[in-house]
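Below, each chain spelled out in residue letters.
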Amino acid sequence: MVSLRGAMPEKNKQLEISLWRRLKDHFATLFAITTVVLVLAPLIAIFGYLVFKGIGSINFAFLTQTPKPPGEIGGGMANAIAGSVLILAIASLLGVPLGIGAGIYLSEFGRNRVGDMIRFVSDVLNGVPSIVIGIVAYAIVVLRQKHFSALAGGVALAIMMIPTIARTTEEMLLLVPNAYREAAYGLGVPRWRTTLSIVLRTATSGVITGVMLAFARVAGETAPLLFTAFGNQFWNWKLDEPTAALPLQIFTYAISPYDDWHRQAWAGALVLIVLIVGAVSAVRFVVRRGTLGAA
Amino acid sequence: MGVGIHVEKLNAWYGTTQALHEIGLDMAANHATALIGPSGCGKSTFIRCLNRMHETTPGARVEGKVEIGQLDAYDGISPTLLRRRIGMVFQKPNPFPTMSIYDNVAAGLKLNGYNKRRELDEIVERSLVSSALWEEVKDSIHKKSGASLSGGQQQRLCIARALAVEPEVLLMDEPCSALDPISTGKIEELIFQLKAQYTIVIVTHNMQQAARVAEYTGFFLLGRLVEFDKTEKIFTNPSDKRTEDYITGRFG
């Protein structure tokens, strides 16, 4: 750049342009950095504040004990942590295969009216308020079983996961170049096998991103659990019994009049975020180790 | 061993557009046949009809007769089974990006449920030797991804992948058009060796290439086979005026 400038005949004019350009360059860089900071700031602020408020209340008892009766100091959220894990496991078990399956259909077989309908319905479903999804799960599971249950909570969260997973899976599979499908057909590989072993496998990391997005979103949901999982002050491992969940417990404790419960609500929120980040990172780590230098 | 290919009254469509008109020719076993012609003349569509790849395009349709050896390609056999007997190499190298070199070569067998480890090892090595890639990659077939190779190596990997399923016919759709001259030279040399075992059909835009590798050449124009003869004859003394115009560079 410097040597070029020396070679320019109209030295001053070139210098001026170059200064203006450099200013623009710096401005653009500054703008980009500012936006990154603005985007990351809330995340860091939330996490920092949660650690600040919550870390003091996290101790062995909090992680291993069930809640004490109102007014008594101590106790913990162990049953809520376990309940959340249970409900999320049910939701993932139901939602992930259905969502990925729908995404595969949309991308590989859904270039038609039926596909367009599914796309539309799934986009609408994505916008339905979570409390309404809770009512649906209440109607189809709770009313039939005659009581609240982990299963009902899992179903509600699964319904919320499906559209997100389906649409991201579709997008990711569409990004896989047709050349790979043709290469597999050319080897005499049947279509179903090509779809699973070539197309889906090539798009794995993108599909996982969609699954994790959906998982992280529903992991913090409270509203759809209010009248499905309902909450529970005690341990429960049965799928058809009311079950505690971290978001519910946080909600109950946060609106209570007791200081100790408020502190525990902060701690619960911190544990919830750590659980989500931990689960997402663990899945990414395992998937990355399992695939060979995918671009 | 390669088998001959017999084509009779072959017509093909994309939707309502007819891409091939009444193609008929016989390609000799264990020889290379080159198909030349300007872009859009139907030569790629033609070889995609040979392994029934044409019909994977939405709206595509084929009529007529194709026989691969004794086998009627369009009657009594599923496209999937047919394609196991016909290897295909594409214009752009397309190794599976998530698979190692080894898995790429073994893909055709593994994905069809063949899992005998020791035999697979043997087949993979033999195929890579046949495609003249073994010496360059033998130390890293499990470590390196197929996509990490150079373009020319990737194309030879794709040839190895096609050979691993032990086809009788090898279809090559402009296999060198994305490659540099050195890689092109290697692939042409390879085609020469492969003729001993396979019947080769190669689509090419490069007339010198057709002259170098193929015993027979067919000239396509506007979806019709204008002339089909010994390569020598096509390039020195073509019977049709249009062939002559094309090979002397008057159009196309």
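Residues numbered from 1 in each chain as written. Chains lettered and ligands numbered in written order. Predicted model: local features only at pLDDT ≥ 70, side-chain atom pairs only at ≥ 80, totals over all residues.

### Structural notes on the overall build of chain A
Next up, step 1: Scanning chain A from N- to C-terminus turns up 13 helices and 0 strands.
Next up, step 2: A globule of 295 residues ought to have a C-alpha radius of gyration of about 19 Å, yet chain A, at 25 Å, is considerably larger.
Next up, step 3: Within the span of chain A, comprising 295 residues, buried residues form 37% of the whole.
Next up, step 4: Pairs at least 24 apart in sequence give 72% of the contacts found in chain A among residues at least 6 apart. (Helix = DSSP H or I, 4+ residues; strand = E, 2+ residues; numbered from the N terminus. Rg over C-alpha atoms; globule rule 2.2 N^0.38 Å. Buried ≥ 20, exposed ≤ 12 C-beta atoms within 10 Å, placed from the backbone. Contact = placed C-beta atoms within 7 Å.)

### Here's the deal with the overall build of chain B
Next up, step 1: The helix and strand tally for chain B stands at 10 helices and 10 strands.
Next up, step 2: Taken against the 2.2 N^0.38 rule, which gives 18 Å for 252 residues, the C-alpha radius of gyration of chain B at 18 Å falls within 12% of a compact globule.
Next up, step 3: Projected onto the principal axes, the alpha-carbon positions of chain B cover approximately 55 × 40 × 30 Å.
Next up, step 4: Among the 252 residues that make up chain B, the fraction classed as buried is 50%.
Next up, step 5: Long-range pairs, those at least 24 residues apart, make up 70% of the contacts in chain B between residues at least 6 apart in sequence.

### A look at the environment of Thr 17 of chain B
Next up, step 1: One can find Thr 17 of chain B in strand S2 (residues 17-27).
Next up, step 2: Here the alpha-carbon distance between Thr 17 of chain B and Ile 234 of chain B, two residues 217 residues apart in the chain, equals 29 Å.

### A short note on the packing of helix H8 (residues 178-186) of chain A against helix H9 (residues 191-202) of chain A
Residues and elements named next belong to chain A.
Next up, step 1: Where H8 contacts H9, the axes come no closer than 10 Å and their chain directions differ by 150°. Classed by the angle they form, the pair H8 and H9 counts as roughly antiparallel. Here H8 and H9 pass one another in a crossing that is right-handed. Across the interface between the two elements, Tyr 180, Arg 181, Ala 184 and Tyr 185 of H8 pack against Thr 194, Ile 198, Val 199 and Thr 202 of H9.
Next up, step 2: Here the contact of H8 with H9 is composed, by residue class, of 5 nonpolar, 2 polar and 1 charged. (Axes fitted to C-alpha atoms, helices over the stretch in contact; angles between N-to-C directions. Parallel < 35°, antiparallel > 145°, perpendicular 65-115°, else oblique. Left-handed = near helix turned anticlockwise from the far one by under 90°. Nonpolar A, V, L, I, M, F, W, Y, C, P; charged D, E, K, R; others polar.)

### Examining the nonpolar core
Next up, step 1: With 146 residues, the main nonpolar core has Met 161 of chain A together with Val 201 and Ile 202 of chain B as its most contacted residues.
Next up, step 2: By residue number, the principal contributor to this core is helix H7 (residues 150-174) of chain A, which donates 15 residues.
Next up, step 3: Apart from the residues lying within four places of it in its own chain, the contact partners of Ile 202 of chain B are Ala 32, Ala 34, Met 172, Pro 175, Ile 191, Val 213 and Ala 214 of chain B. (Core = buried A, V, L, I, M, F, W, Y, C linked by C-beta atoms within 7 Å.)

### Here's the deal with the interface of chain A and chain B
Next up, step 1: In this complex, chain A contributes 21 residues to the contact, which on the side of chain B involves 25 residues.
Next up, step 2: Counting residues per element, the ones that place at least two in the side of chain A that touches chain B are H8 and H9 of chain A.
Next up, step 3: The leading source of residues in the side of chain A that touches chain B is H8 of chain A, at 7 residues.
Next up, step 4: Among the residues making up the side of chain A that touches chain B, the classes are represented as 12 nonpolar, 6 polar and 3 charged.

### Section: helix H4 (residues 117-130) of chain B
All names here are of chain B.
Next up, step 1: Between its terminal C-alpha atoms H4 stretches 20 Å, which fits the 20 Å expected from 14 residues at 1.5 Å a residue.
Next up, step 2: Within H4 the residues assigned to the buried category are Ile 123, Val 124, Ser 127 and Leu 128. Down the axis of H4, the buried side of the element spans an arc of 125°, and every buried residue falls inside it. Along H4, exposed side chains directed more than 90 degrees from the buried face belong to Arg 118, Glu 119 and Glu 122.
Next up, step 3: Buried residues belonging to H4 abut helix H3 (101-110), helix H5 (134-137) and helix H6 (151-164).
Next up, step 4: Positioned one or two residues after H4, Ala 132 has a phi angle of 60°, which is positive. (Expected span 1.5 Å × (residues − 1). Arc of directions from axis to C-beta.)

### Describing the domain arrangement of chain A
Next up, step 1: Structurally, chain A comprises domain 1 (2-43) and domain 2 (60-290).
Next up, step 2: Centre-to-centre, using C-alpha coordinates, domain 1 of chain A lies 45 Å away from domain 2 of chain A. (Domains from an automatic or database assignment.)

### Things to note about the domain arrangement of chain B
All names here are of chain B.
Next up, step 1: One can read the domain layout of chain B as domain 1 (1-85 + 169-252) and domain 2 (98-166).
Next up, step 2: For domain 1 and domain 2, the distance between their C-alpha centroids amounts to 26 Å.
Next up, step 3: Taken residue by residue, the interface counts 10 residues in domain 1 and 9 residues in domain 2.
Next up, step 4: With 4 residues, helix H7 (residues 181-194) is the single largest residue contributor to the side of domain 1 that touches domain 2.
Next up, step 5: In terms of residue class, the side of domain 1 that touches domain 2 is made up of 6 nonpolar, 1 polar and 3 charged.

### Description of the pairing of strand S3 (residues 32-36) of chain B
Two faces belong to every sheet, and in a regular strand the side chains alternate between them.
Residues and elements named next belong to chain B.
Next up, step 1: Taken across its 5 residues, S3 has 5 buried, putting it largely inside the fold.
Next up, step 2: Going residue by residue along S3, you find Ala 32, Ala 34 and Ile 36 tucked away on one face and Thr 33 and Leu 35 tucked away on the opposite face as well.
Next up, step 3: With 4 bridges joining them, S3 and strand S8 (residues 199-203) adopt parallel strand pairing. Its bridge partner lying in S8, Ala 34 is registered against Ile 202. (Pairing = 2+ DSSP bridges.)

### Digging into the sheet that holds S8 of chain B
All names here are of chain B.
Next up, step 1: Strand order in the open sheet made by the 6 strands is S6-S7-S8-S3-S9-S10, with mixed pairing throughout. What marks the edges here is a single partner per strand, and that holds for strand S6 (86-89) and strand S10 (224-230). The sheet shows a mean angle of 15° between the axes of neighbouring strands, direction not considered.
Next up, step 2: Inspection of the sheet shows strand S9 (residues 216-221) paired to S10 by 6 bridges, in the antiparallel sense. The residue bridging Phe 219 from the neighbouring strand is Glu 227, located in S10.

### Looking at the sheet that holds strand S1 (residues 5-14) of chain B
Next up, step 1: If you walk across this open sheet you meet the 4 strands as S2-S1-S4-S5 (chain B), and the pairing is antiparallel. For this open sheet the edge positions go to S2 and strand S5 (71-72) of chain B, each flanked by a neighbour on one side alone.

### Structural notes on helix H1 (residues 43-50) of chain B
Residue and element names in this part refer to chain B.
Next up, step 1: Where burial is concerned, most of H1 is hidden: 8 out of the 8 residues are buried.
Next up, step 2: Every buried residue of H1 is accounted for by Lys 43, Ser 44, Thr 45, Phe 46, Ile 47, Arg 48, Cys 49 and Leu 50.
Next up, step 3: Looking at the residues trailing H1, positive phi occurs at Arg 52, about 60°.

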